[in-house]
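Topology and contacts: notes
Below, each chain spelled out in residue letters.
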Amino acid sequence: MKRAELQQRTKGFALRVLKLIEQLPNTIGGRVLANQVARSATSVGANYRAACRARSRAEFASKLGTVAEEADESLYWLKLIRDGNFVPEKKLASLVSEADELTAIFTAGRRTSTNNKTSKIKPQT
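Computed from a predicted model, the values in this text were never measured in an experiment. (Residues numbered from 1 in each chain as written. Predicted model: local features only at pLDDT ≥ 70, side-chain atom pairs only at ≥ 80, totals over all residues. Heavy atoms only, no water.)

This next bit is on the overall build of the protein. A tally of regular secondary structure across the protein gives four helices and zero strands. If one aligns the C-alpha atoms of the protein with their principal axes, the spans along those axes are about 50 × 20 × 20 Å. Across the 125 residues in the protein, those meeting the buried criterion constitute 42%. Sequence-distant contacts in the protein: of pairs separated by 6 or more residues, those separated by 24 or more amount to 74%. Taken as two groups, the 22 positive and 12 negative side-chain charges of the protein have centres that lie 8 Å from each other. (Helix = DSSP H or I, 4+ residues; strand = E, 2+ residues; numbered from the N terminus. Buried < 20%, exposed > 50% of the residue type's maximum accessible area, 1.4 Å probe, protein only. Contact = heavy atoms within 4.5 Å. Lys, Arg positive; Asp, Glu negative; His and termini not counted. Charge placed at Lys NZ, Arg CZ, Asp CG, Glu CD.)

Before going further, it helps to examine the nonpolar core. General note: in soluble globular proteins, nonpolar side chains tend to be found buried as a group. Phe13, Leu78, Ile81 and Phe106 are the most contacted members of the largest nonpolar core, which totals 32 residues. At the level of elements, helix H1 (3-21), helix H2 (28-52), helix H3 (57-83) and helix H4 (89-115) are the ones that each hand at least two residues to this core. When near neighbours in sequence (up to four residues on either side) are disregarded, phenylalanine 13 contacts Ala41, Val44, Ser74, Leu78, Leu95, Glu98, Ala99 and Leu102. (Core = buried A, V, L, I, M, F, W, Y, C linked by side-chain atoms within 4.5 Å.)

Moving on: the confidence of the model for the protein. Note: predicted coordinates in regions of low pLDDT should not be interpreted at a detailed level. In the predicted model, the protein carries a mean pLDDT of 91, and the fraction of residues at 70 or more is 92%. Note on residues 118-122: pLDDT under 50 across the span, and eight contacts to partners over four residues away in sequence or across chains. (pLDDT = per-residue confidence, 0-100.)

One can find glutamate 98 in helix H4. Taking relative accessible area as the criterion, glutamate 98 reaches 11% and is therefore assigned buried. With sequence-adjacent residues up to four places away left out, glutamate 98 is seen in contact with Arg9, Phe13 and Arg16.

Glancing now at the pattern of salt bridges. On inspection of all chains with the given rule, the structure shows five salt bridges. The salt bridge involving lysine 63 is made with glutamate 59; its shortest N-O contact spans 3.9 Å. In this pair, lysine 63 and glutamate 59 both sit in helix H3, four residues apart, roughly one turn of the helix. Looking at lysine 63, the relative accessible area reads 28%, which means it is partly exposed. Arginine 82 is paired through a salt bridge with aspartate 83; the nearest N and O atoms lie 2.9 Å apart. What you see here is one network of salt bridges that share partners, running through Arg9, Glu98 and Glu101. (Salt bridge = Lys/Arg side-chain N within 4 Å of Asp/Glu carboxyl O.)

With that settled, the discussion passes to the packing of aromatic side chains. What the rule picks out here adds up to two aromatic pairs. Between tyrosine 48 and phenylalanine 106, the ring centres sit 5.1 Å apart and the planes meet at 45°, which makes this aromatic pair tilted. Within this pair, whereas tyrosine 48 is found in helix H2, its partner phenylalanine 106 is found in helix H4, the two being separated by 58 residues in sequence. Both residues of the pair, tyrosine 48 and phenylalanine 106, belong to the buried class. Summarising the aromatic geometry, the rings of tyrosine 76 and tryptophan 77 are spaced 5.0 Å apart at their centres and angled 70° between planes, so their arrangement reads as edge-to-face. (Phe/Tyr/Trp six-rings, centres within 6.5 Å; stacked < 30°, edge-to-face > 60°.)

The following block contains the structure:
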């Protein structure tokens, strides 16, 4: 997947999560979950953009690790929302799947950039 496609995909993920949190109840639990998932989901794309501007392969790998962590954290919060029945599961299924896929993509990208110096994933220079 190309850099621009991943940037668009992570941006779309953040926007979808922001729309989802509008449906969470205005309770203490709902507000906590909304705040946490909003922060982690929007951080995925922001940190990926930062990784794309890395000055070295080591910096790129490090920043990609942060992206993978944020995607995985988003997955955690989305599963809490689902398992707590805060919104219907059918509204969450595609977001949970997307968070899982993004976590896998960025985890694999980090491994590749760390272990293979001839990786196709290169920082911008």
